Amino acid sequence: MPSVRDVSPRSRWATLSLLMFLAPLAILNPSLADPMKQLETGFCGGCALSGADLRGRDLRGVYLIGADLRGADLQGADLSEANLEGADLSGANLEHAQLIGSRLSNADLRGANLRWADLSDAIAIQAITEGAQVEGLQFAGAELYRSNLIVGGGETQRTEGSAPGTERSTGL
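Quick caveat: nothing in here was measured; it's all calculated off a predicted structure. (Residues numbered from 1 in each chain as written. Predicted model: local features only at pLDDT ≥ 70, side-chain atom pairs only at ≥ 80, totals over all residues. Heavy atoms only, no water.)

Chemist: Provide a residue-level description of the packing of aromatic side chains, including the pertinent values.
Modeler: Tallying each qualifying case throughout the model produces one aromatic pair. Measuring from ring centre to ring centre gives 4.5 Å for Phe43 and Tyr63, while their planes differ by 10°; the resulting arrangement is stacked. Of the two residues, Phe43 sits in the loop between helix H3 (35–40) and strand E1 (156–157) while Tyr63 sits in the loop between H3 and E1, which places them 20 residues apart along the sequence. With relative accessibility at 48%, the residue Phe43 sits in the partly exposed group. (Phe/Tyr/Trp six-rings, centres within 6.5 Å; stacked < 30°, edge-to-face > 60°. Helix = DSSP H or I, 4+ residues; strand = E, 2+ residues; numbered from the N terminus. Buried < 20%, exposed > 50% of the residue type's maximum accessible area, 1.4 Å probe, protein only.)

Here is the structure:
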């Protein structure tokens with residue numbers, strides 16, 4: 001196998017020239033420049049979708065690791081089996097959204113509207129949930145370790161059968 005020293009300066013120049021030619025093409029590719037088009041591919045890791053209108057969209061299985069979805073409207077969207085690990089969903093509207101089996105570990109859900117959302121079988125380990133609106137939230141079978149979902153006001157206690165670190169208010 002040739003070593004780096006065995007590669008001629010001419011072939012190094014050819015490689016560099018090829019990279020210089022291909023880089024602008026990647027920038028001009030609309031699917032890479034437009035997060036909505038990238039979302040259609042099912043792979044939108046780190047996408048900037050802050051404030052996007054995604055109401056009722058079928059986003060099953062979409063890869064959204066680290067995506068910026070601050071204030072996005074995802075009302076009624078189907079995000080079942082989606083990967084939202086580390087995504088910023090603060091202030092997002094997820095009312096009636098389907099998040100069945102989704103992965104939300106380390107996601108920021110501060111102030112998100114999760115009313116009547118379905119997080120059944122979801123994994124939301126260490127998700128940040130302060131101030132989230134959770135009336136009617138379904139989370140049967142979900143792994144919510146250290147996610148502290150608080151329902152209503154009053155004294156809090158661990159819900160029977162829930163993972164350690166998950167809390168539900170008694171409303172007392």
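Read on for the rest.
Chemist: Would you mind going over the environment of Gly131 in detail, with residue names and values included?
Modeler: Along the chain, Gly131 turns up in the loop between H3 and E1. Taking the relative accessible area as the measure of exposure, Gly131 reaches 61% and is therefore exposed. Separated by 18 residues in sequence, Gly131 and Asn113 have C-alpha atoms that sit 9.0 Å apart.

Chemist: Please set out the nonpolar core residue by residue, giving values where relevant.
Modeler: Core analysis: the largest hydrophobic core is formed by 39 residues, its most contacted members being Leu64, Leu69 and Leu74. Every residue in contact with Leu74, bar those within four places of it in the chain, is listed here: Leu54, Arg55, Leu59, Leu79, Leu89, Asn93, Leu94 and Ala97. (Core = buried A, V, L, I, M, F, W, Y, C linked by side-chain atoms within 4.5 Å. Contact = heavy atoms within 4.5 Å.)

Chemist: How would you summarise the side chain of Asp108 if you had to cite specific residues and measurements?
Modeler: Along the polypeptide, Asp108 turns up in the loop between H3 and E1. Overall, Asp108 belongs to the buried group, its relative accessible area being 11%. A polar contact is formed between the side chain of Asp108 and the side chain of Arg110, at a distance of 2.7 Å. Ignoring sequence-local partners within four residues, the contact set of Asp108 consists of Ala87, Asp88, Leu89, Ser90 and Ile128. (Polar contact = N/O pair within 3.5 Å; in protein donor to acceptor, adjacent residues only side chain to side chain.)

Chemist: Before we move on, could you go through unusual backbone geometry and cite the residues and values that matter?
Modeler: Phi at Asn106 is positive, roughly 60°, even though this residue is not glycine. Judged by its relative accessible area of 47%, Asn106 falls in the partly exposed class.

Chemist: Give a description of the pattern of salt bridges that names residues and reports values.
Modeler: Under the definition given, this model contains eight salt bridges. In this structure, Asp88 engages Arg70 in a salt bridge whose closest nitrogen and oxygen atoms are separated by 3.8 Å. Of this pair, Asp88 sits in the loop between H3 and E1 while Arg70 sits in the loop between H3 and E1; the two residues are 18 residues apart in sequence, bridging distant segments of the chain. Looking at Arg70, the relative accessible area reads 39%, which means it is partly exposed. Residue Arg110 pairs with Asp108 through a salt bridge whose shortest N-O separation is 2.7 Å. (Salt bridge = Lys/Arg side-chain N within 4 Å of Asp/Glu carboxyl O.)

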